[in-house]
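Listed here are the chains, written in short residue letters.
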Amino acid sequence: MKKILVLFLLTASLGFSANYKVEVKPNVKIQKEEIEKNNAGIEKAFEKFVEKQKAEGIREAELTTQSSQRLGMALTDGMAKQLVYDTQYSIKKIEYISSDIVNLDLEIKIPELDSRNFSEDEMMRVVSKRFKEKTGKPIEILKTTPEKNIKPEWVSTLFQLMSDFTIEKVKTTKIFTYQNATISLKKVNKEWTFHRIVKQ
């Protein structure tokens, strides 16, 4: 789980907070009015950066799960993507390094899924009930039926139900991990763009 969280550290939906600090290095000459104008452009540039990272994170999740076993794929793919969607970013500080370069200190709120809010026993109870509702068959049929007679739709239904369960758990968790990161933006031709990752 920790590896997944680290993998998607910078691949999530952005939730801006207006409560960030603004600091200016002593040697930087910039007016208050320009700072206010810049900050609006900085937020837009950061939002574009996050959208791009989010798309790359989804692709990375898909590539990772393609090499997994089918059952693992059903669980990991849905969970990893939901972690990307539900991770929240907030800007804590904008620091002007120069009039056209800023560092952004970020707080990243990542949903946590572990033994405190997830158990295989609960998952199987829920999945068994839903499997019976969808197929009209008890889930035990997957064990008692010869492999050659198992219907493909039974297997696909099982995997989908397990994926749905993990996604629901991510969506409803009240347990989060908080990470900090710093990125740099640069103003080029009057537009702010992503420059580099300073710290993560």
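Refer to the structure above for everything that follows.
Quick look at the structure, then. (Residues numbered from 1 in each chain as written. Predicted model: local features only at pLDDT ≥ 70, side-chain atom pairs only at ≥ 80, totals over all residues. Heavy atoms only, no water.)

**Section: the packing of helix 4 (residues 120–135) against helix 6 (residues 152–172)**
Between helix 4 and helix 6, the shortest axis-to-axis distance is 10 Å and the interhelical angle comes to 135 degrees. Classified by the interaxial angle, the pair formed by helix 4 and helix 6 is oblique. Helix 6 is crossed by helix 4, and the crossing has right-handed handedness. Across from Glu122, Met123, Met124, Val126, Val127, Arg130, Phe131, Lys134 and Thr135 in helix 4, the residues of helix 6 making contact are Trp154, Thr157, Leu158, Leu161, Met162, Phe165, Thr166, Glu168 and Lys169. By residue class, the composition of the contact of helix 4 with helix 6 is 10 nonpolar, 3 polar and 5 charged. (Axes fitted to C-alpha atoms, helices over the stretch in contact; angles between N-to-C directions. Helix = DSSP H or I, 4+ residues; strand = E, 2+ residues; numbered from the N terminus. Parallel < 35°, antiparallel > 145°, perpendicular 65-115°, else oblique. Left-handed = near helix turned anticlockwise from the far one by under 90°. Contact = heavy atoms within 4.5 Å. Nonpolar A, V, L, I, M, F, W, Y, C, P; charged D, E, K, R; others polar.)

**Focus on the side chain of Gln82**
Secondary-structure assignment places Gln82 in helix 3 (residues 70–86). Setting aside residues up to four positions removed in sequence, Gln82 forms contacts with Ile167, Val170 and Lys171.

**Considerations on the environment of Ser90**
For Ser90, the location among the structural elements is in strand 2 (residues 88–98). With a relative accessible area of 11%, Ser90 lands in the buried category. Residues Ser90 and Ile108, 18 residues apart in the sequence, show an inter-C-alpha distance of 6.6 Å. (Buried < 20%, exposed > 50% of the residue type's maximum accessible area, 1.4 Å probe, protein only.)

**Digging into unusual backbone geometry**
Its identity is not glycine, yet Asn189 carries a phi of approximately 50 degrees, on the positive side. By the element assignment, Asn189 lies in the loop between strand 4 (176–188) and strand 5 (191–199). Look at Asn189 and you get exposed, because its relative accessible area is 72%. Positive phi outside glycine occurs at Lys190, with the angle close to 70 degrees. The residue Lys190 is located in the loop between strand 4 and strand 5 in this model. Relative accessible area serves as the criterion here: at 79%, Lys190 is assigned to the exposed category.

**Overview of the layout of surface pockets**
Put simply, the largest pocket is a space of about 400 Å³. Looking at the largest pocket, it is lined by 17 residues, and the ones nearest its centre are Gly41, Ala45, Glu191, Trp192 and Thr193. When residues of the lining of the largest pocket are traced back to their parent elements, those giving at least two are helix 2 (32–66) and strand 5. The leading source of residues in the lining of the largest pocket is helix 2, at 11 residues. Of the residues contributing to the lining of the largest pocket, the split by class is 5 nonpolar, 4 polar and 8 charged. (1 Å grid on protein atoms, 1.4 Å probe; cavity = no way out; pocket = protein on both sides within 12 Å on 5 of 7 lines; lining within 4 Å. Points joined across faces, edges and corners; volume = space filled by probe spheres on them.)

**Quick look at the pairing of strand 3 (residues 101–111)**
Consecutive side chains of a regular strand alternate in pointing toward one face of the sheet and then the other. Across 9 bridges, the pairing between strand 2 and strand 3 is antiparallel. Looking across to strand 3, one finds that Lys93 is bridged to Asp105. Count of turn residues in the strand 2/strand 3 antiparallel hairpin: 2 residues. Where strand 3 and strand 4 come together, 11 bridges link them in antiparallel fashion. Bridge pairing in strand 4 places Ile108 opposite Gln179. (Pairing = 2+ DSSP bridges.)

**A short note on the pattern of salt bridges**
Scanning the entire structure with this criterion turns up 9 salt bridges. Residue Lys92 is joined to Glu107 by a salt bridge in which the shortest nitrogen-to-oxygen separation is 3.9 Å. Here Lys92, found in strand 2, pairs with Glu107, found in strand 3; they are 15 residues apart in sequence, far enough to count as distant. A salt bridge links Asp114 to Arg116, with the nearest nitrogen and oxygen atoms 2.7 Å apart. (Salt bridge = Lys/Arg side-chain N within 4 Å of Asp/Glu carboxyl O.)

**Side note on helix 6**
Taking 1.5 Å per residue, 21 residues should reach 30 Å; helix 6 reaches 31 Å between its end C-alpha atoms and fits that length. For helix 6, the complete set of buried residues consists of Trp154, Thr157, Leu158, Phe159, Leu161, Met162, Ser163, Phe165, Thr166, Ile167, Lys169 and Val170. (Expected span 1.5 Å × (residues − 1).)

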